[in-house]
Amino acid sequence: MGNGLTDGDVDSRHHGERFAHGCQEFCLGASAHLERDIELSGLDALGVFVQFGTAGAAGDRDHFGTGYFATFWNPLGSTKFNTSQKDAIFSNTSGDVVGRNMSTSRALVWPLGIFNSSVAAVTLPLPTDVKDFNGNPVTVTSSYASGTSEDGAAWGYAYNGSFVTVARWIRDEDGVWQSNSVKPPAGNQAYALSAGTSGWTVGKAKFETGVSAPFRAFRLQPGIVTFGASDDLGTLADTSSGKSLTQSSEALELREDYGIVGRSQNLYNVWRAYHVAFNATSGVNPVITQDAALPGLLAGGAGTTWTSAAYGLNRQVIKVGYAQTTGSVNRAVMWTGETGNTITDLNSLLPVNSGWVLQNAIGISEAGFIIGTGTKSGSTVPFLLCPARNVN
């Protein structure tokens, strides 16, 4: 994402570009000093900061020099962490930031990094308790932190070759980071892609053996040490007769008590956005059913070829992602209502001749900030949509 942006091509916030949705007015803008080859990652819960890594392509040059720089943005500017070759992925409301070291392929944490950009990144230890599905010990060599809960624990995955398993990191009473892993299901591949505030995690995993076995969405409760059958969320192709063993699904974002969103193949192998309700205290296991599919921009049922995906949601149960329109063109969208039955193309809310085409929305905060990618006057850029009441 982000290729083709020339230096100085992005204005700082475009405060004058505003659009309205219902009773809420927003401004459309790119955060200050966004440079070429920017890869977005995520929002914190309150929308006060946006985290993503800035990347210079091989042989290219970004604003800070050659390489990757972990950076966070808010609507009024950006701050670069003080070390290169790092990628910031996610933070919690306490300001802890997690990510990865691009050079060493290791998970990182910046404790309270949102409030102190000069804080040194801590390389998280590789878990040593890793076992495959059959209980055989496995030595992992790389890791990736994709989320952090409000207690400061980091979640992600550790891997070695084709073996991948969910990993968790937490500081002990002496402030030393400890790691542990979750024994994967039969396919020996499990990626934790999002973490809730109290430690529930979601992602994708292979529940059957074989190279061609599909990935299916999962959710894990805090403290779990091995996958179970009830952790498999299934797919949009599942019926009352049982789970599909050929279609794939992914759980991409979790908001405890408000739901899980992602994408799944349906009976026709077409990728579609979904949302399933989830209450962390109810004891009811969420499952992806055909009714969980979110509507698209085009008419037509499950057999039509347009695709979509939901990448984020907030506690108002507003979902964001993309859906295709005529000609398989991606458009950034949001779905409103607890059942997600109303879809809005964010481009339809832009001012006339704004120069923007919003292609994909990847996150929405509790405060209503939306981040994503699109084009501005023909150049690919990230965008930040912010409620006008929060912008000076």
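That block above? That's the structure.
Since the structure is predicted, the reported quantities are computational estimates derived from the model, not experimental observations.

Caption draft 1: Structural detail: the overall build of the protein. A count of helices and strands for the protein gives zero helices and 28 strands. A buried classification covers 55% of the 392 residues belonging to the protein.

Caption draft 2: Here's a closer look at the sheet that holds strand β20 (residues 259–265). Pairing within the open sheet is antiparallel, and its three strands lie in the order β19-β20-β21. The outermost strands of the open sheet, each flanked by one partner alone, are β19 (249–255) and β21 (271–276). Put simply, the sheet's adjacent strands are angled 20° from each other on average, direction ignored. Inspection of the sheet shows β19 paired to β20 by six bridges, in the antiparallel sense. From the neighbouring strand, R255 faces β20, where its bridge partner is G259.

Caption draft 3: Structural detail: the side chain of T201. Inspection of the secondary structure puts T201 in strand β16 (residues 201–206). Judged by its relative accessible area of 0%, T201 falls in the buried class. Those residues in contact with T201 that lie beyond four places of it in its chain are W155, S194, A195, F218, R219, L220 and L254.

Caption draft 4: Molecular detail of the packing of aromatic side chains. Counted under the stated rule, the structure contains seven aromatic pairs. Ring centres of Y191 and F215 lie 5.9 Å apart, and the angle between their planes is 65°; this geometry places the pair in the edge-to-face category. Here Y191, found in strand β15 (residues 190–195), pairs with F215, found in strand β17 (residues 215–220); they are 24 residues apart in sequence, far enough to count as distant. Residue Y191 shares its accessibility class with F215, and that shared class is buried. Ring geometry for W200 against F278: centres 5.0 Å apart, planes inclined by 70°, an arrangement best described as edge-to-face. Here F278 lies in the loop between β21 and β22 (308–313) and W200 lies in the loop between β15 and β16, a separation of 78 residues in the sequence. We classify F278 as buried; its relative accessible area is 5%.

Caption draft 5: The arrangement of the pairing of strand β26 (residues 356–364) in detail. Judged by how many residues are buried, β26 sits mostly within the fold: seven of nine residues are covered. Pairing between β26 and strand β27 (residues 370–376): seven bridges, direction antiparallel. Bridging from a neighbouring strand, A361 pairs with G372 of β27.

Scoring rules and cut-offs
Residues numbered from 1 in each chain as written. Predicted model: local features only at pLDDT ≥ 70, side-chain atom pairs only at ≥ 80, totals over all residues. Heavy atoms only, no water. Helix = DSSP H or I, 4+ residues; strand = E, 2+ residues; numbered from the N terminus. Buried < 20%, exposed > 50% of the residue type's maximum accessible area, 1.4 Å probe, protein only. Pairing = 2+ DSSP bridges. Axes fitted to C-alpha atoms, helices over the stretch in contact; angles between N-to-C directions. Contact = heavy atoms within 4.5 Å. Phe/Tyr/Trp six-rings, centres within 6.5 Å; stacked < 30°, edge-to-face > 60°.

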